[in-house]
Amino acid sequence: MLHVALWEPEIPPNTGNVARLCAATGSRLHLIGRLGFRLDDKTLKRAGLDYWPAVDVARHVTFEEFEATFLPFPLTPSPPRGEGGRIWVIETPSTTPYTRAAFQDGDCLLFGAESKGLPQGVRDQYLSRMVGIPMPGPVRSLNLATAVGIVLYEALRQLHNW
């Protein structure tokens, strides 16, 4: 299973569309930090259509809580924990395109807030697994749900040999 994590998403329809994408792909959705909306927001629910019961959502108040839940090993030696594998940071700009990443089952794709991306500390911590979507045109960024779809389906293509 793949995981999609959104750091402090701000726009309800984007998160609703990502939730529907996660339901369609069997991916777990992690919502991290302060959300720019309430989880019962009607535009969030509308974007997810009637698929909300099929969405596996985990809510994490802090990034540290997410890491403690997700990472299979803590930073100090102890028995394995967590539910996942590696965290991939998807950020613009990045010198490495997402197509060069070798995704594995259990990996998490972490995306930042629509207006500000991820905190610099998170980018620095995961610099070795930071990838981006090439954009040769004049825009700064893509819509969050579009970006998640692009990278998630590449990871699925690799995992399932599509």
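Quick note: structure is the one above.
Draft legend 1. Inspection of the overall build of the chain at higher detail. Scanning the chain from terminus to terminus reveals five helices and six strands. Secondary structure of the chain in N-to-C order comes out as β-α-β-α-β-α-β-β-α-β-α. Looking at the chain residue by residue over its 162 residues, the buried ones come to 48%. Within the structure as shown, the chain displays about 8,500 Å² of accessible surface, and the carbon and sulfur contribution to it stands at 56%.

Draft legend 2. Main features of unusual backbone geometry. Of note in the backbone geometry, Glu8 takes a positive phi value of approximately 45° without being a glycine. With respect to the helices, strands and loops of the structure, Glu8 is situated in the loop between β1 (3-7) and α1 (12-25). For Glu8, a relative accessible area of 15% translates into the label buried. Here the phi dihedral of Asn161 falls at roughly 60°; this positive angle occurs in a residue that is not glycine. Position of Asn161 among the secondary structure elements: in the segment after α5 (144-160).

Draft legend 3. Molecular detail of the sheet that holds β1. Read across the sheet, six strands follow the order β3-β2-β1-β5-β4-β6 without closing on themselves; strand pairing throughout is parallel. In this open sheet, the two edge strands, each paired with only one partner strand, are β3 (56-60) and β6 (130-131). Bridge count for strand β2 (residues 28-32) against β3 is five bridges, and the pairing is parallel. Across the sheet, the residue bridging to His30 is Ala58, located in β3. Against the sheet, α1 engages β1 and β2, with an angle of about 150° to β2.

Draft legend 4. Region of interest: the environment of Ile11. With respect to the helices and strands, Ile11 occurs in the loop between β1 and α1. In this structure, the C-alpha to C-alpha distance between Ile11 and Leu35, residues 24 residues apart in sequence, is 8.8 Å. With near-sequence residues (within four places) excluded, Ile11 lies in contact with Phe37 and Glu114.

Draft legend 5. Looking closely at the pairing of β2. For β2, the buried fraction is high: five of the five residues fall into the buried class. Of the two faces of β2, the one carrying Arg28, His30 and Ile32 and the one carrying Leu29 and Leu31 are both buried. Across five bridges, β1 lies against β2 in parallel orientation. Counterpart to Leu6 in the pairing with β2 is Leu31. Handedness of the crossover is the feature at issue here: the chain leaves β1, passes through α1, returns alongside β2, and the resulting connection is right-handed.

Reading the values: the criteria
Sequence order as written defines residue numbering, which begins from 1 separately in each chain. Local features in this predicted model are restricted to residues of pLDDT 70 or higher, and side-chain atom pairs are both shown and tallied only at a pLDDT of 80 or more, whereas totals for entire chains, interfaces and linings draw on every residue. Where side-chain values are given, they derive from all heavy atoms of the structure, hydrogens and water being excluded. Secondary structure elements are taken from DSSP: a helix is a run of H or I of four residues or more, a strand is a run of E of two residues or more, and numbering for both begins at the N terminus. Remark: exposure states derive from per-residue accessible area (1.4 Å probe, protein chains only) relative to the maximum for the residue type, with buried under 20%, exposed over 50%, and partly exposed in between. Each accessible area value is a Shrake-Rupley result obtained with a 1.4 Å probe; residue values ignore everything except the protein chains displayed when judging cover. Strands qualify as paired when DSSP identifies two bridges or more between them. Throughout, a residue-residue contact means that at least one pair of heavy atoms, one from each residue, lies within 4.5 Å. Every axis corresponds to a line fitted to the C-alpha atoms, with the helix fit spanning only the stretch in contact, and the corresponding angles, defined between N-to-C directions, vary from 0 to 180 degrees. Note on handedness: a clockwise path from strand one over the helix to strand two, with the strands aimed away from the viewer, defines a right-handed crossover.

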